[in-house]
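# Architecture at a glance
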Amino acid sequence: MELDKAIKTRRTIRSFSRAANREEIRGIIEAALYAPSAMNSQPWEFVVIERQEKKAKIRGLYDKARNLLGIYRQDSEFIEKGTIVIIVSPKEVKNARISCAFALQNMLLKATELKLSGVILGVLNSEKIERELAEIIKLPSNKKISFVAVFGKPNKRPTEKEIKSLERIIHFDVF
Ligand SMILES: Cc1cc2nc3c(=O)[nH]c(=O)nc-3n(C[C@H](O)[C@H](O)[C@H](O)COP(=O)(O)O)c2cc1C
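No experiment lies behind these values; they were computed from the predicted model shown.

### Things to note about the overall build of the protein chain
A tally of regular secondary structure across the protein chain gives seven helices and five strands. Going from the N terminus to the C terminus, the protein chain shows its helices and strands as α-β-α-β-α-α-β-α-β-α-β-α. Expressed as a percentage of the 175 residues in the protein chain, the buried residues total 29%. Within the protein chain, counting contacts between residues at least 6 apart in sequence, those at least 24 apart form 85% of the total.

Here's what the structure looks like:
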């Protein structure tokens, strides 16, 4: 798939017919490894959650996090239907989460090429919830969670995405 097509067709689709399989997940993670990182630290390791009971626990945490944040209720079944990937980093590396965000974007684009969708579970990024998630995956104390995303085969088409016009947001030389 052309890069331009992957960039323009990537969407967050929260409904899966199946989970991403191991081969697909390996391809997605391999794409992450080429991302830029601060001081070329490459501060990423990946925990792939395939076991159903762990997926259910993480879905429970996700629902709890949304509840704590007081945001609208969402059907979170896609979390149990997909394959969850947790990006973890060494605690002592500076700017690790920013570097991991670039890695995650590579992963989302690679998933698009494989006709999959990746959903970022950003609401899990709070201190309390990350602590509980760290327990579920038995994360060593010198590592922290950077991002969580779930990958699967979408079973619906996205609605047309409205984007801002280039003319409105681009400024040359001065704002
Ligand atoms: C930092 C970040 C955190 C996000 N967290 C969540 C989340 O917790 N749950 C969710 O359903 N989508 C989450 N998303 C996905 C966004 O809702 C989605 O990217 C946005 O609505 C634009 O839609 P698109 O990805 O289809 O272009 C997150 C996206 C980003 C970049």
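Alright, that's what it looks like, and here's the rest.
### Things to note about the site of the ligand
Around the ligand sit Arg-11, Thr-12, Arg-14, Val-119, Ile-120, Leu-121, Gly-122, Val-123 and Lys-161, and that is every residue in its neighbourhood. Class assignment for the residues of the shell around the ligand results in four nonpolar, two polar and three charged.

### Structural notes on the environment of Asp-63
With respect to the helices and strands, the residue Asp-63 is situated in helix H3 (residues 52–69). Accessibility expressed as a C-beta count within 10 Å gives 15 for Asp-63, which makes it partly exposed. Each C-alpha atom of the pair Asp-63 and Gln-74 lies 8.1 Å from the other, and the pair is eleven residues apart in sequence.

### Digging into the packing of H3 against helix H6 (residues 127–136)
The contact between H3 and H6 brings their axes to 11 Å, and the two run at 175 degrees. Taken together, the axes of H3 and H6 are roughly antiparallel relative to one another. Across the interface between the two elements, Lys-54, Lys-57, Ile-58, Leu-61 and Ala-65 of H3 pack against Ile-129, Glu-132, Leu-133 and Ile-136 of H6. By residue class, the composition of the contact of H3 with H6 is six nonpolar, no polar and three charged.

### Regarding the nonpolar core
Of all hydrophobic cores here, the largest spans 39 residues; its most connected members are Ile-87, Ala-149 and Phe-151. At the level of elements, strand E1 (16–19), helix H2 (22–32), H3, helix H4 (77–81), strand E3 (83–90), helix H5 (96–113), H6 and strand E5 (143–154) are the ones that each hand at least two residues to this core. With seven residues, the single largest contributor to this core is H5. For Ile-87, the residues in contact, after removing those within four places along its chain, are Trp-44, Phe-46, Cys-100, Ala-103, Leu-104, Ser-146 and Phe-147.

### Some points on the packing of H2 against H5
Here H2 crosses H5 at 140 degrees, and the two axes come no closer than 7 Å. When the interaxial angle is binned, H2 and H5 end up oblique. Between H2 and H5 the crossing geometry is right-handed. Note on element contacts: H5 touches H2 through Ala-103, Asn-106, Met-107, Leu-109, Lys-110 and Ala-111, opposite Gly-27, Ile-28, Ile-29, Ala-31 and Ala-32. Partitioned by chemical class, the residues of the contact of H2 with H5 number eight nonpolar, two polar and one charged.

Conventions used here
- Residues numbered from 1 in each chain as written.
- Predicted model: local features only at pLDDT ≥ 70, side-chain atom pairs only at ≥ 80, totals over all residues.
- Helix = DSSP H or I, 4+ residues; strand = E, 2+ residues; numbered from the N terminus.
- Buried ≥ 20, exposed ≤ 12 C-beta atoms within 10 Å, placed from the backbone.
- Contact = placed C-beta atoms within 7 Å.
- Near = placed C-beta within 6 Å.
- Nonpolar A, V, L, I, M, F, W, Y, C, P; charged D, E, K, R; others polar.
- Axes fitted to C-alpha atoms, helices over the stretch in contact; angles between N-to-C directions.
- Parallel < 35°, antiparallel > 145°, perpendicular 65-115°, else oblique.
- Core = buried A, V, L, I, M, F, W, Y, C linked by C-beta atoms within 7 Å.
- Left-handed = near helix turned anticlockwise from the far one by under 90°.

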